[in-house]
Amino acid sequence: MQIRPATESEMNSVYMMGYDAWGGEMPQVEYLAACKRSRKYAAGQWYVLLEADVPVASLILYRHQFGLEDGQTGIGSIATSPAHRRQGYASQLILGIVRHLFSGTTTTTVFLHSDIDTAFYQKLGFERISNQSNCLFITRSPDTPLRAYPSYF
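Attention here is on the structure that accompanies the text. Just so you know, these numbers come straight off a predicted model, no measurement behind them. Sequence order as written defines residue numbering, which begins from 1 separately in each chain. In keeping with the predicted nature of the model, local features appear solely for residues at pLDDT of at least 70, side-chain atom pairs appear and are counted solely at 80 or more, and the whole-chain, interface and lining totals rest on all residues. For side-chain calculations, the full set of non-hydrogen atoms in the structure is used, while hydrogens and water are omitted.

1. Description of the packing of aromatic side chains
Note on ring pairs: Phe, Tyr and Trp rings are taken, using the six-membered ring of Trp, and paired if centres are within 6.5 Å. Classes follow the plane angle, with under 30 degrees stacked, over 60 edge-to-face and the rest tilted. Using the criterion set out here, one finds eight aromatic pairs in the structure. Considering the side-chain rings of Tyr 41 and Trp 46, the 5.0 Å spacing of their centres and the 80° angle between planes classify their relative orientation as edge-to-face. Judged on exposure class, the residue Tyr 41 and its partner Trp 46 are both buried. Ring pairing ties together the aromatic residues Tyr 15, Tyr 41 and Trp 46, which thus form one cluster. The cut-offs for exposure are 20% and 50% of the maximum accessible area for each residue type, with area from a 1.4 Å probe on protein chains only; residues under the lower value are buried, those over the upper are exposed, and the others partly exposed.

2. Regarding helix α3 (residues 28-37)
Residues of α3 that are buried include every one of Tyr 31, Leu 32 and Cys 35, and no others. Buried residues in α3, looked at end-on, bunch into an arc of 95°, giving them a common side. Across α3 from its buried face, at more than 90 degrees, point the exposed residues Val 29, Lys 36 and Arg 37. We call two residues in contact when some of their heavy atoms are within 4.5 Å. Helix and strand definitions follow DSSP, with helices as H or I runs of at least four residues and strands as E runs of at least two, each counted in order from the N terminus. Tucked into the core, α3 has its buried residues touching α1 (11-16), α2 (19-22) and α4 (39-42). Here the arc refers to the set of directions running from the helix axis out to each C-beta atom.

3. Details of the layout of surface pockets
If you roll a probe as big as a water molecule over the atoms, it shows you where there is empty space left. Quantified by volume, the largest pocket comes out at close to 810 Å³. In the cavity and pocket records, a cavity denotes points on a 1 Å grid over the protein atoms alone where a 1.4 Å probe fits but cannot get out, a pocket denotes an open set with protein on both sides within 12 Å along at least 5 of 7 lines, and lining residues are residues with an atom within 4 Å of a point. Surrounding the largest pocket, 30 residues form its lining, Ile 78, Ala 79, Thr 80, Ile 116 and Tyr 121 being those nearest its centre. If you tally residues by element for the lining of the largest pocket, the top one is strand β4 (residues 72-80), at six residues. Amino acids are sorted into nonpolar (Ala, Val, Leu, Ile, Met, Phe, Trp, Tyr, Cys and Pro), charged (Asp, Glu, Lys and Arg) and polar (every other residue, Gly among them). Of the residues in the lining of the largest pocket, the class split is 14 nonpolar, ten polar and six charged. Grid points are joined across faces, edges and corners, and a volume is the space filled by probe spheres set on the points. By volume, the second largest pocket amounts to about 210 Å³. In this structure, the second largest pocket is lined by 14 residues; those nearest its centre are Glu 8, Met 11, Tyr 15, Tyr 41 and Trp 46. The dominant element in the lining of the second largest pocket, judged by the number of residues it contributes, is α1, at three residues.

4. Observations concerning the sheet that holds strand β3 (residues 54-62)
The rule for pairing is simple: two strands pair if DSSP sees at least two bridges between them. With mixed pairing, seven strands are arranged side by side in an open sheet as β1-β2-β3-β4-β5-β7-β6. Each edge of the open sheet carries a strand with a single partner, namely β1 (2-5) and β6 (127-128). As paired strands, strand β2 (residues 45-51) and β3 are joined by seven bridges and run antiparallel to one another. Residue pairing in the sheet places Leu 49 in a bridge with Ala 57 of β3. The angle between two axes is taken between their N-to-C directions and runs from 0 to 180 degrees, where each axis is a line fitted to C-alpha atoms and a helix contributes only its stretch in contact. The strands touched by helix α5 (residues 89-104) are β1, β2, β3, β4, β5 (109-113) and β7 (135-139); relative to β3, the strand with the most contacts, the crossing angle is about 45°.

5. Describing empty space enclosed by the protein
The tally for this structure, following the rule as stated, stands at one cavity of 30 Å³ or more. In this structure, the largest cavity encloses a volume near 40 Å³. Residue lining of the largest cavity: Val 14, Tyr 15, Gly 18, Trp 22, Tyr 31, Cys 35, Tyr 41, Trp 46, Ser 58, Ser 77 and Ala 79, and that is the complete set. Each residue belonging to the lining of the largest cavity can be placed in one class, and the counts come to eight nonpolar, three polar and no charged.

6. A word on the nonpolar core
Across soluble globular proteins, nonpolar side chains show a tendency to be buried alongside one another. Throughout this description, the term nonpolar core refers to a set of buried Ala, Val, Leu, Ile, Met, Phe, Trp, Tyr and Cys residues connected via side-chain atoms within 4.5 Å. Counting 23 residues, the largest nonpolar core has Leu 59, Ile 75 and Phe 126 as its most contacted members. Put simply, the parts of the chain that give this core at least two residues each are β2, β3, β4, α5, β5 and β7. Tallying contributions element by element places α5 first for this core, with eight residues. The residues touching Phe 126, leaving out its near neighbours within four places in the chain, are Ile 94, Val 98, Val 110, Leu 112, Tyr 121, Leu 136, Phe 137 and Ile 138.

7. Description of α5
For a helix, the expected span equals 1.5 Å multiplied by the number of residues minus one. For α5, built from 16 residues, the straight-helix expectation of 22 Å at 1.5 Å per residue is met to within 8% by its first-to-last C-alpha distance of 22 Å. Inspection of α5 places Tyr 89, Ala 90, Ser 91, Leu 93, Ile 94, Gly 96, Ile 97, Val 98, Leu 101 and Phe 102 among the buried residues, and these make up the whole buried set.

In C-alpha cells:
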C-alpha cells in the first residue's frame, strides 16, 4: 500500500468515496460538479491510500486556515470507497498521514472534526477537545500545549 497526494485524474473517484455520506439527494453529476467548485476542497491537499494502484481511501489536509495556527494541521473529508470499507484502509491512511506530519514536517498537532462516532478516532490516538465537541486532536508529544483549536473544516 502507498499513501501519496491525489492526482487530478483521481479526483472524481476521491469525491465519490463520500457521495453516500455527503451527496444527500443530489444526482452524482451535480455532486461531482459541486465538489469541483468547492473552495474548501480547493484550499487543501488531497491524499489517497492506494491498494494495487487503485485509490481506496482519501482525506484532505489543511494548514493556515479555519483557525489553524503554525504547527497545526487539519484532516478532513476522510472517506473510503464503498467496496473497501471496514477493512482498515481509513485507519491506515490516517495513521500514515499523522506519522508523516510528525516526522517530516513542523506539525505538532493534528485536528479533525468527526461526523461519526468519535470512538473510531480515539482508537487511533486522537483525544476529544471536550465532551461537548466533535473536534479531536493528536499531538507529537504529550507536553505540546493546546493553545487554540480550529473552526469546523
